[in-house]
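Descriptive structure summary
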Amino acid sequence: QVHLVESGGGLVQAGGSLTLSCAASRSILSIDVMAWYRRPPGEQRELVATLTRSGSASYVDSVKGRFTISRDTTKNTMYLQMNSLKPEDSAVYYCFARDYDDRSWGQGTQVTVSS
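The present account deals with the structure reproduced in this document. (Residues numbered from 1 in each chain as written. Predicted model: local features only at pLDDT ≥ 70, side-chain atom pairs only at ≥ 80, totals over all residues. Heavy atoms only, no water.)

It is worth spelling out the sheet that holds strand β1 (residues 4-7) at this point. Pairing is antiparallel across the open sheet formed by 4 strands, whose spatial order is β1-β3-β8-β7. Both edges of this open sheet fall to β1 and β7 (67-72), since each of them pairs with a single strand only. Taking each pair of neighbouring strands and ignoring which way they run, the sheet shows an average axis angle of 15°. Summarising the sheet, β7 and strand β8 (residues 77-82) pair through 6 bridges and their orientation is antiparallel. Across the sheet, residue Asp72 finds its bridge partner in β8, namely Thr77. (Pairing = 2+ DSSP bridges. Helix = DSSP H or I, 4+ residues; strand = E, 2+ residues; numbered from the N terminus. Axes fitted to C-alpha atoms, helices over the stretch in contact; angles between N-to-C directions.)

If you want it as structure tokens, here you go:
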């Protein structure tokens, strides 16, 4: 399994931006899928964005055009650039990796968007 550590969360006003980072313990070049999930207060965890090994990205409708998932394979790090943040984006954000049958989660980072 790969060990994942998120960072970059915090408190931001509506309309602001944050960039989350997910640092992996080893090379991410061979990882099949990496993704960002989030768990809003009192709700279930939901998929936000995915990035395949080939570099194909996909997003949940609610963040399309505002969030961008990317990676730097030289730093073994995945990112989530979040722009035009809304209060409903407030959640704990988790990094996820699926490599064959192995699944790994980060510990989460809190994002709070004030209105």
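Having seen the model, we can carry on.
To continue, consider the packing of aromatic side chains. Counted according to the given criterion, the structure contains 3 aromatic pairs. Through pairs of rings, three or more aromatic residues link up here, namely Tyr37, Phe96 and Trp105. If you follow Arg45 out to its NZ or CZ, it ends over the ring of Tyr94, 5.6 Å from the centre. In this structure, Arg45 is placed above the aromatic ring of Trp105, and the distance from its NZ or CZ to the ring centre is 3.8 Å. (Phe/Tyr/Trp six-rings, centres within 6.5 Å; stacked < 30°, edge-to-face > 60°. Lys NZ or Arg CZ within 6 Å of the ring centre and 35° of its normal.)

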